[in-house]
Amino acid sequence: MFVEDLFRRLELNTKGALQYYKDRVSSLAKSYALLAVQQKMIHARSDIKSLKDRLGHNSELYHKNQRKVLTNLLHRLDKQNPNEPLEKGFVRVWQDGKWIRKSTNFR
């Protein structure tokens, strides 16, 4: 009988402790502090998503701008190409130790 009594007391104490902690967890889950933290996390997630979207957009604009700058620089570089007239069919003439710049100077 003594063992059975001890077993029952242990069972009751365990059930009581479990119920106490279940109630405690339930009350904490409904507490204002937890709700406030949850709201802050929801707000933070929203801010992160917004910042991520802005970063993606700004990054895309930056890369488009850099491509445009690079295209303009390449175009300017092509215009500086000393061989461009030759590629169009013109020729360079070296005569008497100097370059002939006009056809009237050519003999």
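Residues numbered from 1 in each chain as written. Predicted model: local features only at pLDDT ≥ 70, side-chain atom pairs only at ≥ 80, totals over all residues. Heavy atoms only, no water.

Caption draft 1: Looking closely at the overall build of the chain. Along the backbone of the chain there are three helices and two strands. For the chain, the succession of helices and strands along the chain, N to C, is α-α-α-β-β. Taking 107 residues into account, the globule formula puts the C-alpha radius of gyration at 13 Å, and the chain, at 42 Å, lies well above it. Referenced to the eigenvectors of the C-alpha coordinate spread, the extents of the chain come out at roughly 135 × 30 × 20 Å. Taken over 107 residues, the chain has a buried fraction of 4%. With the model as given, the accessible surface of the chain reaches about 10700 Å², and the carbon-plus-sulfur share is 60%. A distance of 11 Å separates the average location of the 22 positive side-chain charges in the chain from that of its 11 negative side-chain charges. (Helix = DSSP H or I, 4+ residues; strand = E, 2+ residues; numbered from the N terminus. Rg over C-alpha atoms; globule rule 2.2 N^0.38 Å. Buried < 20%, exposed > 50% of the residue type's maximum accessible area, 1.4 Å probe, protein only. Areas by Shrake-Rupley, 256 points an atom, 1.4 Å probe, with all protein chains shown as cover. Lys, Arg positive; Asp, Glu negative; His and termini not counted. Charge placed at Lys NZ, Arg CZ, Asp CG, Glu CD.)

Caption draft 2: Summary view of the packing of aromatic side chains. For the structure shown, the criterion picks out two aromatic pairs. Both rings, one in Y20 and one in Y21, keep their centres 5.0 Å apart while their planes meet at 75 degrees; by these two values the pair is edge-to-face. According to the relative accessible area criterion, Y21 is exposed, its value standing at 53%. (Phe/Tyr/Trp six-rings, centres within 6.5 Å; stacked < 30°, edge-to-face > 60°.)

Caption draft 3: Structural context of the environment of T104. The residue T104 is located in the segment after β2 (98-100) in this model. Owing to a relative accessible area of 66%, T104 belongs among the exposed residues under this scheme. Expressed as a C-alpha distance, the spacing of T104 and S27, which sit 77 residues apart in the sequence, is 102 Å.

Caption draft 4: Up close: helix α1 (residues 2-29). If you check α1, its first and last C-alpha atoms are 40 Å apart, about what 28 residues at 1.5 Å a residue would give, namely 40 Å. Burial within α1 is sparse, with just zero of its 28 residues counted as buried. (Expected span 1.5 Å × (residues − 1).)

Caption draft 5: View of a nonpolar patch on the surface. A contiguous nonpolar patch, built from F2, V3 and L6 and spanning about 330 Å² of accessible area, is present on the exposed surface. Note on placement: L6 falls in helix α1. Residue classification places L6 among the partly exposed positions, given a relative accessible area of 37%. (Patch = residues over 30% accessible without salt bridge, like charges linked within 9 Å, V, L, I, M, F, W, Y side chains within 5 Å. Salt bridge = Lys/Arg side-chain N within 4 Å of Asp/Glu carboxyl O.)

Caption draft 6: Quick peek at the pattern of salt bridges. The full count for this structure, using the stated rule, is five salt bridges. Across the pair K15 and E11 runs a salt bridge whose closest N-O atoms are separated by 3.9 Å. Of this pair, K15 and E11 both sit in helix α1, four residues apart, roughly one helical turn. Look at K15 and you get exposed, because its relative accessible area is 53%. For E11, a relative accessible area of 30% gives the class partly exposed. Here the residues in one salt-bridge network are K79, E84 and K88, joined through shared partners.

Caption draft 7: Focus on the environment of S50. Within the secondary structure, S50 is located in helix α2 (residues 32-79). What makes S50 partly exposed here is its relative accessible area of 37%. Spatially, the C-alpha atoms of S50 and K102 are 64 Å apart, while their sequence positions differ by 52 residues.

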